[in-house]
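Residue-level structural notes
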Amino acid sequence: MERSIIHVDMDAFYAAIEQRDNPQLRGKPVVVGGSNPHSRGVVSTASYEARAYGIRSAMPLKQAYLRCPQAVFLPVNMAKYKEVSGQIHRIFRRYTSLIEPVSLDEAFLDVTGADAVSLGREIKEQIKKEVGLTASVGVSYNKFLAKLASDMEKPDGFTVIPRENIEAFLAPLPVNRIWGVGPRTQEYLNDLGIFTIGDLQRLDRNFLAKTFGKWGEELYLLARGIDDRPVKASRKPKSLGEELTFPRDEDDPEKLKACLAEFSQALGQRLQKRGLAGHTVTLKIRFPDFVTITRSHTFPNPTDKPEELYRRSLLLLKKLKLNRRKVRLIGLTVSNFIYPGEPYQLTLW
Ligand code: TTP
Ligand code: MG
């Protein structure tokens, strides 16, 4: 069966979140990467308003400042971006479980057998409605073309690349639109007089194989829109945990609580990144004699919130009545996951 692939890539992701959360920043050049443009940092991303001044990701902040001194420079608020990313990935989960996350703001979805074009539109609309951000969505019959499509009408784009006349469609595009052709390969190809994908299509298969080895073979196929790489779903974890062995056995309850606070913070972020929330919290304690005990509780409502995980872990700690008994190791695990947005009973395992 022909595959149906959707590629979603959020627009100016970090900057768009900042503009969403502070209306005063909307319509303005915003640079995320550091609040001091005279410091040594680089640009993580820039709003499209800032891009009009030539500001790009990975550019030194100083250079961005020279190009647009009136831009608003903001620090990177990773916890917030991860949370938004989790929200978006939870939306994806409603449509398919075959999802390959590429980065916080980008993923491939295999929706083979379904109407990919309507699903793509619906996902784009749901993200807009629920998260308040625009995504660019590409739909095609393989990963290379879906990714190419999502990039074609950015920002707020929606592009479908059908199979018909694919070689002619690709021919006028520059070679660097092929996934994997970076600046060095591009330069090499340009030196050979190859500027467009069409130029590449005219090259002999053996010549490409001889010049670039295995990658040459891939180039030959990609130039014709052929790409068999599957969407690789991230493995669903059964549990996520954090633990710490103390350098010296610990008997101070405040220290134990501080550990649990840290674990809850880390676990919350990891859960949110994966779009997971867990019903069950397990506290593990190992004593200096290596005797290990665990206490678990399954709560009716799942959570991915650090504060809530902390609250739940404290309930378990209390139940243990340690009374300043020395502890060698402390651990916290979340399990019994659900993917929010799906009915609970379907996803309990
Ligand atoms: P991208 O999807 O490459 O960029 P973007 O979402 O900001 O803009 P668009 O897709 O509309 O072109 O990257 C996603 C996020 O990853 C981006 O918002 C910030 C971060 N990032 C960096 O921190 N450093 C980088 O060099 C790049 C490219 C991205
Ligand atoms: Mg993006």
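Residues numbered from 1 in each chain as written. Chains lettered and ligands numbered in written order. Predicted model: local features only at pLDDT ≥ 70, side-chain atom pairs only at ≥ 80, totals over all residues. Heavy atoms only, no water.

1. Here's the deal with the domain arrangement of the protein
Split into domains, the protein comes out as domain 1 (5–11 + 78–160), domain 2 (14–74), domain 3 (166–222) and domain 4 (239–338). Placing the centre of domain 1 and that of domain 3 at their C-alpha centroids yields a distance of 27 Å. Between domain 1 and domain 3 lies a buried interface of about 810 Å² when both sides are counted; carbon and sulfur atoms form 81% of it. Of all residues in domain 1, F144, L148 and M152 give up the largest surface area on contact with domain 3, accounting jointly for 63% of the area buried on that side. Taken together, the connections running from domain 1 to domain 3 amount to one salt bridge. Between D151 and R177 there is a salt bridge, with the nearest N and O atoms lying 3.9 Å from each other. Counting across the domain 1 and domain 3 interface gives zero residue pairs in polar contact (both at pLDDT 80 or more). (Domains from an automatic or database assignment. Buried area = accessible area lost by both parts, 1.4 Å probe. Salt bridge = Lys/Arg side-chain N within 4 Å of Asp/Glu carboxyl O. Polar contact = N/O pair within 3.5 Å; in protein donor to acceptor, adjacent residues only side chain to side chain.)

2. What about the coordination of the magnesium ion (ligand 2)?
For the magnesium ion (ligand 2), every protein donor is listed as D9 (OD), M10 (O) and D105 (OD), and the spread of their distances is 2.1 to 2.2 Å. What the six donor atoms of the magnesium ion (ligand 2) show is an angle range of 86 to 175 degrees at the metal, which sorts the shape as octahedral. Considered as a linear motif, the donors of the magnesium ion (ligand 2) on their single chain read D-M-x94-D. Note on accessibility: D9 and M10 belong to one class, buried. (Donors = N, O, S within 2.8 Å, 3.2 Å for Na, K, Ca; no water. Tetrahedral: all angles 85-135°; square planar, octahedral: opposite > 155°, others 65-115°. Buried < 20%, exposed > 50% of the residue type's maximum accessible area, 1.4 Å probe, protein only.)

3. Section: the site of ligand 1
Inspection of the region around ligand 1 gives 13 residues, with A12, T45, Y48, R51 and D105 positioned closest. Between ligand 1 and T45 there is a distance of 2.5 Å, counted from an oxygen atom to a side-chain nitrogen or oxygen. The contact in question runs from an oxygen atom of ligand 1 to an N or O atom on the side chain of R51, over 2.8 Å. When contributions to the shell around ligand 1 are tallied by element, the ones reaching two or more residues are β1 (5–10), α1 (13–21) and α2 (48–51). Two domains each provide a minimum of three residues to the shell around ligand 1, namely domain 1 (5–11 + 78–160) and domain 2 (14–74). (Near = heavy atom within 4 Å. Helix = DSSP H or I, 4+ residues; strand = E, 2+ residues; numbered from the N terminus.)

4. Notes on the sheet that holds strand β2 (residues 30–32)
The sheet built from three strands is open, its strands ordered β3-β2-β4 with mixed pairing. Lying at the two open borders of the sheet, with one neighbouring strand each, are β3 (45–46) and β4 (72–74). Seen against the sheet, α1 touches β2, β3 and β4 and runs at an angle of roughly 120 degrees to β2. (Pairing = 2+ DSSP bridges. Contact = heavy atoms within 4.5 Å. Axes fitted to C-alpha atoms, helices over the stretch in contact; angles between N-to-C directions.)

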